[in-house]
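Observations on the model geometry
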Amino acid sequence: MIPHSPEGLRTKPTFLERFMKGMLASCAGLSILTTAGIVVVLVYESVALLQEVPFWRFLADTQWTPLFAEKHFGIWPLVCGTFLTTAIALFVAVPLGLLAATFLSEFAAERSRRIVKPVMELLAGIPTIVYGYFALTFVTPVLQNVIPGLASFNALSPGIVMGIMIFPIIASLSEDSLYAVPASLREAALALGASRLATVLRVVIPTAFSGVTAAVVLGFSRAIGETMIVAIAAGQQPRFTLDPRVPIETMTAYIVQVSLGDTPTGTLEYRTIFAVGLLLFLFTLAMNLVGIRLRRQIVPGTL
Amino acid sequence: MLNRPGAEALFRALCLVALTIPLAMLLVLLFHTFSEAYPRISWEFIIGYPSRKPALAGLLPALAGSFYLMILTGLMALPIGLAAALYLEEYAAPSALTRIIEVNINNLAGVPSIIYGLLGLELFVRAMSLERSLVAGAATLALLVLPMVIITSREALRSVPFSYREAALALGAEKWRTLLRVVLPMSLPGILTGLILAMARAIGETAPLITIGALTYIAFLPDSLQSPFTALPLQIFNWVSRPQAEFQVNAAAGIVVLVVLLMALNGLAIWLRARLQRRVYW
Amino acid sequence: MSIMEHIEPRTAVAESNRIETLNLHAWFGSFEVLKGISMAIPSNGVTAVIGPSGCGKSTFIRCLNRMHEVVPNARATGQVFLDGSDLYDPSVNPAQLRRRVGMVFQKPNPFPTMSIRENVLAGLRLNGARAHAGESEAVVERSLRQAALWDEVKDIQERPGTSLSGGQQQRLCIARCLAMEPEVVLMDEPTSALDPIATSRIEELLHELKRRYTIVLVTHNMQQAARVADRTAFFYIGELIEYGITKEVFTTPAKKQTEDYITGRFG
């Protein structure tokens, strides 16, 4: 019953062992296939589009009307819309996130940390459609009382709500890097007579700088790619403007708009969503790689 | 100025305020939604079918769609994700290729969900001719949550102490058997928790499903893998997009159901984890 | 009597040598831990390996069942003969040889997800052996008796392996190892994590086991070596300094380093 091999010791690893290893390896390789798939799909349709619409038309126009009879292909309105909402979101989330992270890392008792961190994860787990509903039905009406001329669809309301959405990301990642600053540095500053506040502002935060930057970059990336909040509350009017009170359209909302319609596959209109998607992918790819790089610097062994 | 006595207290207060503002807004959000939804929440709403009249509209096809999607997504994502995690954690030697795979997975975790929708549209709906079916939707969502499953499974595997792998190898077992009989049973709580959280993420996603063309007005229950479908977030989106105020109430009610479902899933994850941990006395 | 300092030609193999190493080197990365160890271990009986921390004694026995190479960046060269077959021959499957050369570790590690009974049978299950209930029962009882644990656990076999005390867990690990019916049992400081009472129970056990098995025991406790071992090898910074009958190594050591270690001049 004891499986001592009859040939003695001379057998190679069984077929099963090599088979299992191969199967597992191919599943790991699937992830590369996914990225390749994304790139191929986006590039393929974009190239097809470029054959009908020369590249300069994307850069030289300030209107985006590929769905209308008179077609303009300037990408700037969409890019502008995306960056306007993202900027507002960061304007909200970065100060709040950084200050909150400072509180958790430097001033909070251990018990508070243990309660707050799961609550923040809860915040991050709320589906974005819920945030979208909130932006449209609560934030916009409230702001309309305060800001004259605020349209029912605008950039301000979703921007603020997106800020709340990415707040946990920025706060949590910043808190990790602040927490990781060695106690010895803080002690050194205090021993030189600096107050606690000065230590935090002049020593701890600067030391955690690359981690905080990573948090902001990753929050930025998340905000650019956000779809539902802007699709519901920002509008469907591509507009080359920085005015947060008027309806605009983001890159992601445009893709939703076309997908909801009856656009047949293979047409020019269909291809535009892939071109916009490619642009979006490149932005977020760049941000993600930068963010991953920065995080590896402060927490070795993390990816 | 930084060394003035009141400065620290002021700063501390400022930080505390910064922490509470978003949390307070979350509470406001939940309260507003629940109070808006209140008139509509009823059993008839949950098991009813959509309708042109807001007061008669129901959630059943959306609930059914979300349920099937969740199961299918889990069934697709778990084997592949777990296999990839096993390879990366137990077999792969540190090398340039492994590094690329790891960076790739972390990048995929940050790709916007709508891009997965575009991939699903071109690959599953068009190229593989799956149309706007349950299986296309589930496959798209499976790709979306796959990086999450891989990452959480790896963490679970990593938490098993090396001494048990050693003990199994010293008994003359081949590597895959030590994984199957020793390492996997011990890492099961973490793996399952990660899977449930991935499924929770999947049922909250709207954008990829819109992109693959999932119809938002479906008045029947899906009856096969190839069947068209709708899902809870899609139904909510549909209602939110209508101008009539009555439909906004429906949307709020749908959100309440969605949030309750998510809380139940998270609760399940926590319970399951505690239950399974008891079998593993470390 | 001193060790075999020169390399015996392969033709003259002592009939009773179960294990023989020939010029065994081992590295962690670029750090050489074992610097050419050649020694012969006779069948049946306990051979102890002693020496200060870092001398390579653990690495040595882990080379005997090729567990050393499981750690990344670890490698070994040389030859290790088990009954005349070189374990480091490229065609050898390490998993196979580990069924004939078993190992007990310093910290008891019964599998937490398995009961006492399942732990004893773990080696067989992990190797895909199938046995019907009667055979399994017999193996479990035999192994637990050999490990002097049967009387204590025979009525609680379904309880988790980790519900036992430290000393009992280690005897369970010994039973798990013996269930494979190995020819050689390697023990890496098996009692250093246990209290004195548990330690002495395991030492009693060793006196029984050595009649049937070849046991190689690494210990940092010289008194333990003196109590249980028939032969003792003294290692120092990766080299085999002295090897011989325990009594003679301890009372009339041939090398000064051995004497210094034994008398406690360094540790």
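Computed from a predicted structure; not experimentally measured.

Here we take up the overall build of chain C. When helices and strands are counted, chain C shows eleven helices and ten strands. For 267 residues, the compact-globule formula gives about 18 Å, and the C-alpha radius of gyration of chain C, at 19 Å, lands near that figure. Per-residue burial for chain C yields a buried fraction of 48% across its 267 residues. Summarising the internal contacts of chain C: among those between residues at least 6 apart in sequence, 69% fall at separations of at least 24.

Glancing now at the overall build of chain A. The secondary structure content of chain A amounts to twelve helices and zero strands. Beginning at the N terminus, the succession of helices and strands in chain A can be written as α-α-α-α-α-α-α-α-α-α-α-α. A compact globule built from 303 residues would reach a C-alpha radius of gyration of about 19 Å, whereas chain A, at 25 Å, exceeds it by more than 25%. When the backbone C-alpha atoms are referred to their principal axes, chain A occupies close to 80 × 70 × 35 Å. Counting over 303 residues, chain A shows a buried share of 49%.

A few words now on the sheet that holds strand 5 (residues 85–86) of chain C. All names here are of chain C. The strand order 2-1-4-5 describes an open sheet built from four strands, whose pairing is antiparallel. Only two strands of the sheet have a single neighbouring strand rather than two, namely strand 2 (31–42) and strand 5. Bridging between strand 1 (residues 17–28) and strand 2 involves nine bridges; their strand directions are antiparallel. Of the residues in strand 2, the one forming a bridge with A26 is L34.

Residue and element names in this part refer to chain C. Relative to the assigned elements, A148 resides in the loop between helix 5 (133–146) and helix 6 (150–153). Classification of A148 by C-beta neighbours within 10 Å gives partly exposed; the count is 17. Sequence separation of A148 and E208 is 60 residues, and the distance between their C-alpha atoms is 9.6 Å. In contact with A148, not counting residues within four places along its chain, are R171, R201 and L205.

Residue and element names in this part refer to chain B. Where helix 7 (residues 162–170) contacts helix 8 (residues 175–204), the two axes come as close as 10 Å, and the packing angle between them is 160 degrees. Accordingly, the angle class assigned to the pair helix 7 and helix 8 is roughly antiparallel. When the axes of helix 7 and helix 8 are compared, the crossing they make is right-handed. In this structure, helix 7 contributes Y164, R165, A168 and L169 to the contact, and helix 8 contributes T178, V182, V183 and M186. For the contact of helix 7 with helix 8, the class distribution of residues is six nonpolar, one polar and one charged.

To continue, consider the interface of chain B and chain C. Taken together, the contact pairs 21 residues of chain B with 24 residues of chain C. By residue number, the principal contributor to the side of chain B that touches chain C is helix 7 of chain B, which donates seven residues. Looking at the side of chain B that touches chain C residue by residue, the classes come out as 13 nonpolar, three polar and five charged.

Glancing now at the confidence of the model for chain C. Residue and element names in this part refer to chain C. Confidence along chain C averages 88 in pLDDT terms, with 94% of residues attaining 70 or more. Below pLDDT 50 for its whole length, residues 1–15 participates in 17 contacts with residues either more than four positions away or in separate chains. Our summary of model confidence lists the complex with pTM equal to 0.86 and ipTM equal to 0.89.

Let us now look at the environment of G211 of chain A. Topologically, G211 of chain A is positioned in helix 9 (residues 209–225). When the C-alpha positions of G211 of chain A and Q51 of chain A are compared, they lie 43 Å apart, and in sequence the two are 160 residues distant.

Bringing the domain arrangement of chain C into the picture now. Residues and elements named next belong to chain C. Assigned domains of chain C: these are domain 1 (1–100 + 184–267) and domain 2 (112–181). On a C-alpha basis, the centroid separation for the pair domain 1 and domain 2 is 27 Å. Contact residues are listed per partner, giving ten residues for domain 1 and ten residues for domain 2. With five residues, helix 8 (residues 196–209) is the largest single contributor of residues to the side of domain 1 that touches domain 2.

Moving on, we get to helix 6 (residues 134–158) of chain B. Residues and elements named next belong to chain B. Given a rise of 1.5 Å per residue, 25 residues ought to cover 36 Å, and the 34 Å separating the end C-alpha atoms of helix 6 matches this to within 8%. Approximately 40 degrees is the largest bend angle found in helix 6, and it occurs at V145, with the proline P147 only one to four residues beyond. Burial runs high along helix 6: 23 of the 25 residues are buried.

Let's shift gears to the packing of helix 6 (residues 156–179) of chain A against helix 9 of chain A. Residue and element names in this part refer to chain A. Where helix 6 meets helix 9, the axes come as close as 8 Å, and the angle between the chain directions of the two elements is 155 degrees. Between helix 6 and helix 9, the angle is such that the two are roughly antiparallel. Classified by chirality, the crossing of helix 9 by helix 6 is right-handed. In contact with M162, I166, I169, I170, L173, S174, D176 and S177 of helix 6, helix 9 contributes G211, V212, A214, A215, V216, L218, G219, R222 and A223. Classifying every residue of the contact of helix 6 with helix 9 gives eleven nonpolar, four polar and two charged.

Residues and elements named next belong to chain C. A large share of strand 8 (residues 214–218) lies buried, amounting to five of its five residues. Side chains of strand 8 alternate between two faces, with T214, V216 and V218 and I215 and L217 buried alike. Taken together, the five bridges between strand 7 (residues 184–188) and strand 8 define a ladder with parallel strand orientation. Directly across from M187, in strand 8, lies its bridge partner L217. Regarding topology, helix 8 serves as the crossover connection from strand 7 to the parallel strand 8, and that connection is right-handed.

Residues and elements named next belong to chain C. The terminal C-alpha atoms of helix 7 (residues 166–178) lie 18 Å apart, and with 13 residues this matches the ideal 18 Å at 1.5 Å per residue to within 8%. Of all 13 residues in helix 7, twelve are buried; the element is thus mostly enclosed. Every buried residue of helix 7 is listed here: G167, Q168, Q169, Q170, R171, L172, C173, I174, A175, R176, C177 and L178.

Take the interface of chain B and chain A next. Contacts between the two partners involve 65 residues from chain B and, on the opposite side, 67 residues from chain A. Elements with a minimum of two residues in the side of chain B that touches chain A: helix 1 (5–37), helix 3 (60–91), helix 4 (96–109), helix 5 (113–127), helix 8, helix 9 (207–211), helix 10 (232–240) and helix 11 (245–277) of chain B. For the side of chain B that touches chain A, the element with the highest residue contribution is helix 1 of chain B, accounting for 17 residues. Within the side of chain B that touches chain A, the residues separate by chemical class into 45 nonpolar, 13 polar and seven charged.

Okay, the sheet that holds strand 7 of chain C next. Hydrogen bonds along the backbone pair up the strands of a sheet, which may run parallel or antiparallel. Residue and element names in this part refer to chain C. Taking strand neighbours across the sheet as the criterion, the six strands line up as 6-7-8-3-9-10 in an open arrangement whose pairing is mixed. Among the strands making up the open sheet, the edge pair consists of strand 6 (101–104) and strand 10 (239–245). Adjacent strand axes in the sheet meet at a mean angle of 20 degrees, parallel and antiparallel pairs treated alike. Packing against the sheet, helix 1 (residues 57–64) makes contact with strand 3 (45–50), strand 6, strand 7, strand 8 and strand 9 (231–236), and its axis sits at approximately 150 degrees to strand 8. Helix 7 contacts strand 6 and strand 7 of the sheet and is inclined by roughly 170 degrees relative to strand 6.

Rules and cut-offs
- Residues numbered from 1 in each chain as written.
- Chains lettered and ligands numbered in written order.
- Predicted model: local features only at pLDDT ≥ 70, side-chain atom pairs only at ≥ 80, totals over all residues.
- Helix = DSSP H or I, 4+ residues; strand = E, 2+ residues; numbered from the N terminus.
- Rg over C-alpha atoms; globule rule 2.2 N^0.38 Å.
- Buried ≥ 20, exposed ≤ 12 C-beta atoms within 10 Å, placed from the backbone.
- Contact = placed C-beta atoms within 7 Å.
- Pairing = 2+ DSSP bridges.
- Axes fitted to C-alpha atoms, helices over the stretch in contact; angles between N-to-C directions.
- Parallel < 35°, antiparallel > 145°, perpendicular 65-115°, else oblique.
- Left-handed = near helix turned anticlockwise from the far one by under 90°.
- Nonpolar A, V, L, I, M, F, W, Y, C, P; charged D, E, K, R; others polar.
- pLDDT = per-residue confidence, 0-100.
- Domains from an automatic or database assignment.
- Expected span 1.5 Å × (residues − 1).
- Bend = angle between axes of the 7 residues up to and from the residue.
- Right-handed = clockwise from strand over helix to strand, strands pointing away.

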